[in-house]
Amino acid sequence: MKFPGSVLVSVFLFVAETVTALYLSSTYSSAGDRIWLSLTLLFSLLPCVLVQFTLIFIHRDLKRDRPLVLLLHMLQLGPLIRCVEVFCIYFQAGRVEEPYVSITKKRQIPKNGLSEEIEKEVGRAEGKLFTHRSAFSRASVIQAFLGSAPQLTLQLYISILQREITIGRSIFMTLSLLSIVYGALRCNILAIKIKYDEYEVSVRPAAYLCIFLWRSFEIATRVVVLVLFSSVLQIWVLPVVLLNFFSFFFYPWILFWRSRSPFPENIKTMSRVGTTIVLCFLTFLYAGINMFCWSAVQLKINSPDLINKSQNWYRLTVYYMLRFIENAFLLLMWYIYKTDIYMYVCAPLLILKLLIAYCTAIFFMLLFYQFFHPCKKLFSFNISQGLLSCFRWLCSPCKRQRHSDPVERADLKSPDDSETPIQQQKSEPQNRNANLDVPSDS
């Protein structure tokens, strides 16, 4: 049975970030900064409440007689009691023979063109651990992009305005960044397991490292760009954020309306109003993720699983191209309107570093999909072949121009030059006749 390390990491980040946020709020309170105090508490407590509801919803505790667990969730101690329950199940597994065992069938990743189907016995303890891992994975994503990402942006913004990074704030920003990267990593792994549910997926440590570097560079660059832009153009940052958010929020609904599918009934145990609320929350989370990084899980409302299982390379390419252009534009606006706060900052060098960092994130993403993706043998599209086809497509206008140059030169020849040999042939008899002229009377 696999050690529940992901649960331990999720709980550690949750507790550490919450405790640090409360400590930092106390410093803002003592300093009289009511605005920073309110925002810090908001971005800390709101995701805590959402995490509690997520764990209760996934475990379906409302339909079970567990008043103590519900009370601990109300006291914001739900993740702790869940973690204790996970390790109790893990250490007690195997000591008592389980009366109920289910059999699952998974297919191996094809090796040498062959794929075998494997049957595996899953006991009740392992099934419970799987449910806990799934619940904590989703809770980590919610904590990361609805709490840690706004929190990191806020604390970095405060540090720039105050021109000071305290020890407590630096620790808090580090924990927030780790929480966001971990949430994005869990989102990647979740997307892989959902898309290739019928296969036995095993993610190697090199893949984890590659995803970690990819997400670290991408998220850190995005946060710094937003903070730099908001520090000089406070009024215009709101339209930029709202445009990004609502574009991603309404995109799954637009696709759903264009498909003309009936109203989704993905959650059969809930009414239509409850299903609508859950779907709106999912699209809200989806928009929050795409605000800071690429969402590996693509929503599809008319699908029974709510997930688009096809690998849409075109959407991935368009996202990173538009995001790179947007980051470059925001940095350009910051460079034009920068204030005296950045007097001792080499602005061109900083812009170059941020753009290189974002390109580095794209490099690690391509490296992951090319070499370390656990299901790369199932791809119908190769990254290297795709890059070569893109380069050929970009170079095709140049090749056409080169091939058309000799034709254009031939067309641009003067008519006199082209008729010269014919005129010479016609002029030769005239010259001969001129030599045969009758001499003059003299």
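## Some details on unusual backbone geometry
For glutamine 76, which is not glycine, the phi dihedral falls at a positive 65 degrees. Of note, glutamine 76 is situated in the loop between helix H3 (67-74) and helix H4 (78-92).

## Examining the environment of methionine 291
Counting through the fold element by element, methionine 291 comes out in helix H9 (residues 272-292). Looking at methionine 291, the relative accessible area reads 6%, which means it is buried. Not counting residues within four places of it along the chain, the set of residues in contact with methionine 291 comprises Arg222, Val241, Asn244, Phe245 and Arg323.

## Remarks on helix H8 (residues 234-259)
For H8, spanning 26 residues, the distance from its first C-alpha to its last is 39 Å, which sits close to the expected 38 Å at 1.5 Å a residue. The axis of H8 is deflected most strongly, by about 30 degrees, at tyrosine 251, and proline proline 252 appears within four residues downstream. Where H8 is concerned, the buried positions are Val237, Val240, Asn244, Phe245, Phe248, Phe249, Pro252, Trp253 and Phe256. Where H8 ends, the next residue or the one after it, arginine 260, has phi of about 55 degrees, a positive value.

## Structural notes on the state of the cysteines
Each disulfide consists of one covalent bond between the sulfur atoms belonging to two cysteines. Tallying each qualifying case throughout the model produces 0 disulfides. Distance from the sulfur of cysteine 293, which forms no disulfide, to the nearest cysteine sulfur (cysteine 187) is 7.3 Å.

## Quick word on helix H6 (residues 167-195)
Taking 1.5 Å of rise per residue, the 29 residues of H6 would be expected to cover 42 Å, and the 42 Å separating its terminal C-alpha atoms lies within 8% of that figure. In terms of burial, H6 is a largely internal element, 22 of the 29 residues being buried. A distance of 3.2 Å separates the backbone nitrogen of arginine 169 from a side-chain oxygen at the start of H6, and that oxygen is part of threonine 166.

## Topic: the nonpolar core
Here is a general trend for soluble globular proteins: nonpolar side chains tend to be buried in one another's company. Core analysis: the biggest nonpolar cluster contains 85 residues, and Phe145, Trp214, Tyr320, Phe368 and Tyr369 have the highest contact counts within it. The residues touching tryptophan 214, leaving out its near neighbours within four places in the chain, are Asn188, Trp294, Tyr320, Ala361, Phe364, Met365, Phe368 and Tyr369. Ranked by size, the runner-up nonpolar core spans 9 residues in total, among them Val7, Cys83, Phe87 and Phe136.

## Thoughts on a nonpolar patch on the surface
On the surface, a nonpolar cluster with roughly 740 Å² of combined accessible area is contributed by Val15, Val19, Leu68, Leu71, Met74, Leu75, Leu77 and Leu80. The element best represented in the nonpolar patch is H3, accounting for 3 residues. Along the polypeptide, leucine 71 turns up in helix H3. Residue classification places leucine 71 among the partly exposed positions, given a relative accessible area of 44%.

## Some details on the packing of H8 against H9
Where H8 contacts H9, the axes come no closer than 8 Å and their chain directions differ by 135 degrees. If you check the angle between H8 and H9, you find them oblique. At the point where H8 passes H9, the crossing takes the right-handed sense. In this structure, H8 contributes Val241, Asn244, Phe245, Phe248, Phe249, Tyr251, Pro252 and Trp253 to the contact, and H9 contributes Leu279, Cys280, Thr283, Phe284, Tyr286, Ala287, Gly288, Asn290 and Met291.

## A few points about the side chain of arginine 169
Mapped onto the fold, arginine 169 is located in helix H6. Buried arginine 169, no salt bridge; nearest opposite-charge side chain is glutamate 164, N-O distance 5.8 Å.

## A closer look at the packing of H6 against helix H7 (residues 205-232)
The description of two packed helices rests on the angle between their axes and on the distance between the axes. In contact at an axis separation of 9 Å, H6 and H7 are set at 125 degrees when each is read in the N-to-C sense. The angle between H6 and H7 falls in the class oblique. Judged by the twist between their axes, the crossing of H6 over H7 is right-handed. Of the residues in H7, those touching H6 at Leu177, Leu178, Ile180, Val181, Ala184, Leu185, Asn188 and Ile189 are Tyr208, Ile211, Phe212, Trp214, Arg215, Ser216, Ile219 and Ala220. Here the contact of H6 with H7 is composed, by residue class, of 13 nonpolar, 2 polar and 1 charged.

## Looking at the packing of aromatic side chains
What the rule picks out here adds up to 24 aromatic pairs. Ring centres of tryptophan 253 and tryptophan 257 lie 6.2 Å apart, and the angle between their planes is 35 degrees; on these two criteria the pair is classed as tilted. Highlighted residues: tryptophan 253 and tryptophan 257, both in helix H8, separated by 4 residues, approximately one helical turn. Residue class for tryptophan 253 comes out buried when judged on its relative accessible area of 10%.

Scoring rules and cut-offs
Residues numbered from 1 in each chain as written. Predicted model: local features only at pLDDT ≥ 70, side-chain atom pairs only at ≥ 80, totals over all residues. Heavy atoms only, no water. Helix = DSSP H or I, 4+ residues; strand = E, 2+ residues; numbered from the N terminus. Buried < 20%, exposed > 50% of the residue type's maximum accessible area, 1.4 Å probe, protein only. Contact = heavy atoms within 4.5 Å. Expected span 1.5 Å × (residues − 1). Bend = angle between axes of the 7 residues up to and from the residue. Disulfide = S-S within 2.5 Å. Polar contact = N/O pair within 3.5 Å; in protein donor to acceptor, adjacent residues only side chain to side chain. Core = buried A, V, L, I, M, F, W, Y, C linked by side-chain atoms within 4.5 Å. Patch = residues over 30% accessible without salt bridge, like charges linked within 9 Å, V, L, I, M, F, W, Y side chains within 5 Å. Areas by Shrake-Rupley, 256 points an atom, 1.4 Å probe, with all protein chains shown as cover. Salt bridge = Lys/Arg side-chain N within 4 Å of Asp/Glu carboxyl O. Axes fitted to C-alpha atoms, helices over the stretch in contact; angles between N-to-C directions. Parallel < 35°, antiparallel > 145°, perpendicular 65-115°, else oblique. Left-handed = near helix turned anticlockwise from the far one by under 90°. Lys, Arg positive; Asp, Glu negative; His and termini not counted. Nonpolar A, V, L, I, M, F, W, Y, C, P; charged D, E, K, R; others polar. Phe/Tyr/Trp six-rings, centres within 6.5 Å; stacked < 30°, edge-to-face > 60°.

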